[in-house]
Amino acid sequence: MSHRKNIVAGNWKMNKNYEEGRTLAREIVAKLKPSETLAILGAPYIHLKGVSHIISDINNLHLAAQNCHQEEGGAYTGEISTGMLRSVGCDYVILGHSERRDYFEESNQLINAKVKKTLADGMLPIFCCGEKLPVREAGDHEKLVAQQVKEGLFDLSATDFSKVVIAYEPVWAIGTGVTASPDQAQEMHAFIRSLVVDQYGEEVADATSILYGGSVKPGNAKELFSQPDVDGGLVGGASLNAADFLAIMDAM
Ligand code: PGA
């Protein structure tokens, strides 16, 4: 019996002003059912404290940042440290999102440093990986994802690795309306879990939550989540609407 957590995490990206973000959080709090499934709201930095107040009484609802800096603090103008995130009630940090990898040139090595800093400050990384379309078309998707996962995570101790949530997000499915088929998702999730087995053993692998991301919607969530190795979703566009986010929670 698997004892891993099911998780639905929203990634608001650079959307919603402060009041709109608080309204969205309130709408979710008002209708969220008690559940074994963990809901996470990945809000913009400046929304975190306000959203934290709104969700603090709800057991299965947690807060994530969408990035952090890898250094402790100091002269890094415009950056946000893990200590700052922790101090406003953040529990999770989304790291290695393909938009960060692409637009901000984040390497596996930089993401690895951010993962370690996040863990050192008592928060849990949601580590994203995934291939672009030409890589899949060339049949190299497993090779690329293996490299991202190994270089991003596999020098962690087993204890630290056990705190990481992995999100597989094929880049060709993000924001495009094209989802991976349930079979494609299952195949990659099982592959990622097999890598974890090889590195950390069955018990750790069985307890690792692997989320699927890329155009998850109320209409396709159930089929994706019913796959044995899909333990939930990282949801962008559909997480900006409370009813859609809650419907995706219900599909878990
Ligand atoms: P999407 O985004 O659901 O809008 O495709 C997912 C993500 O980028 O995390």
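In case you missed it, the structure is sitting above this.
These figures come from a predicted structure and were not determined experimentally.

(A) Highlighting the overall build of the protein chain. Broken down by element type, the protein chain carries 12 helices and eight strands. Taken along its principal axes, the extent of the C-alpha atoms in the protein chain is 45 × 45 × 35 Å. The burial tally for the protein chain puts 52% of its 252 residues in the buried class. Pairs at least 24 residues apart make up 72% of the contacts formed inside the protein chain by residues separated by at least 6 positions. Here the protein chain displays about 11200 Å² of accessible surface, and carbon together with sulfur accounts for 51% of that area. Put simply, the protein chain has 23 plus and 33 minus side-chain charges, and the middle of one group is 5 Å from the middle of the other.

(B) Summary view of the site of the ligand. Taken together, 13 residues form the shell around the ligand, and within it Lys13, His97, Glu169, Gly175 and Ser215 come nearest. Protein chains bury 97% of the 280 Å² of accessible surface belonging to the ligand in isolation. Here the shell around the ligand is composed, by residue class, of four nonpolar, seven polar and two charged.

(C) Up close: the layout of surface pockets. Put simply, the largest pocket is a space of about 470 Å³. For the largest pocket, the lining is made up of 15 residues, of which Met14, Gln66, Asn67, Arg100 and Phe104 are closest to its centre. The leading source of residues in the lining of the largest pocket is helix α4 (residues 98-103), at three residues.

(D) How the structure looks around the packing of aromatic side chains. Tallying each qualifying case throughout the model produces four aromatic pairs. With 6.0 Å between their ring centres and 70 degrees between their planes, Phe154 and Phe161 make a pair best called edge-to-face. There is no split in this pair, since Phe154 and Phe161 are both buried. On the basis of an interplanar angle of 15 degrees and a centroid distance of 4.4 Å, the ring pair of Phe161 and Tyr200 is categorised as stacked. Of this pair, Phe161 sits in helix α8 (residues 158-161) while Tyr200 sits in helix α9 (residues 182-200), placing them 39 residues apart in sequence.

(E) A look at the environment of Glu106. Locating Glu106 in the fold gives a position in the loop between α4 and α5 (108-120). On the basis of relative accessible area, Glu106 is assigned to the buried category, the value being 6%. The spacing of Glu106 and Gly96 is 10 residues in sequence and 7.2 Å in space, taken between C-alpha atoms. Every residue in contact with Glu106, bar those within four places of it in the chain, is listed here: Asn67, Gly96, Arg100, Arg101, Ile111 and Lys114. Separated by 2.9 Å, the side chains of Glu106 and Arg100 make a polar contact.

(F) Spotlight on the packing of α5 against helix α7 (residues 141-153). Here α5 crosses α7 at 45 degrees, and the two axes come no closer than 7 Å. By the angle between their axes, α5 is oblique relative to α7. α7 is crossed by α5, and the crossing has right-handed handedness. Here Asn108, Gln109, Asn112 and Val115 of α5 come into contact with α7, specifically with Gln147, Gln148, Glu151, Gly152 and Leu153. Broken down by class, the residue content of the contact of α5 with α7 amounts to two nonpolar, six polar and one charged.

Conventions and cut-offs
Residues numbered from 1 in each chain as written. Predicted model: local features only at pLDDT ≥ 70, side-chain atom pairs only at ≥ 80, totals over all residues. Heavy atoms only, no water. Helix = DSSP H or I, 4+ residues; strand = E, 2+ residues; numbered from the N terminus. Buried < 20%, exposed > 50% of the residue type's maximum accessible area, 1.4 Å probe, protein only. Contact = heavy atoms within 4.5 Å. Areas by Shrake-Rupley, 256 points an atom, 1.4 Å probe, with all protein chains shown as cover. Lys, Arg positive; Asp, Glu negative; His and termini not counted. Charge placed at Lys NZ, Arg CZ, Asp CG, Glu CD. Near = heavy atom within 4 Å. Nonpolar A, V, L, I, M, F, W, Y, C, P; charged D, E, K, R; others polar. 1 Å grid on protein atoms, 1.4 Å probe; cavity = no way out; pocket = protein on both sides within 12 Å on 5 of 7 lines; lining within 4 Å. Points joined across faces, edges and corners; volume = space filled by probe spheres on them. Phe/Tyr/Trp six-rings, centres within 6.5 Å; stacked < 30°, edge-to-face > 60°. Polar contact = N/O pair within 3.5 Å; in protein donor to acceptor, adjacent residues only side chain to side chain. Axes fitted to C-alpha atoms, helices over the stretch in contact; angles between N-to-C directions. Parallel < 35°, antiparallel > 145°, perpendicular 65-115°, else oblique. Left-handed = near helix turned anticlockwise from the far one by under 90°.

All we've got here are geometric facts, nothing functional implied.
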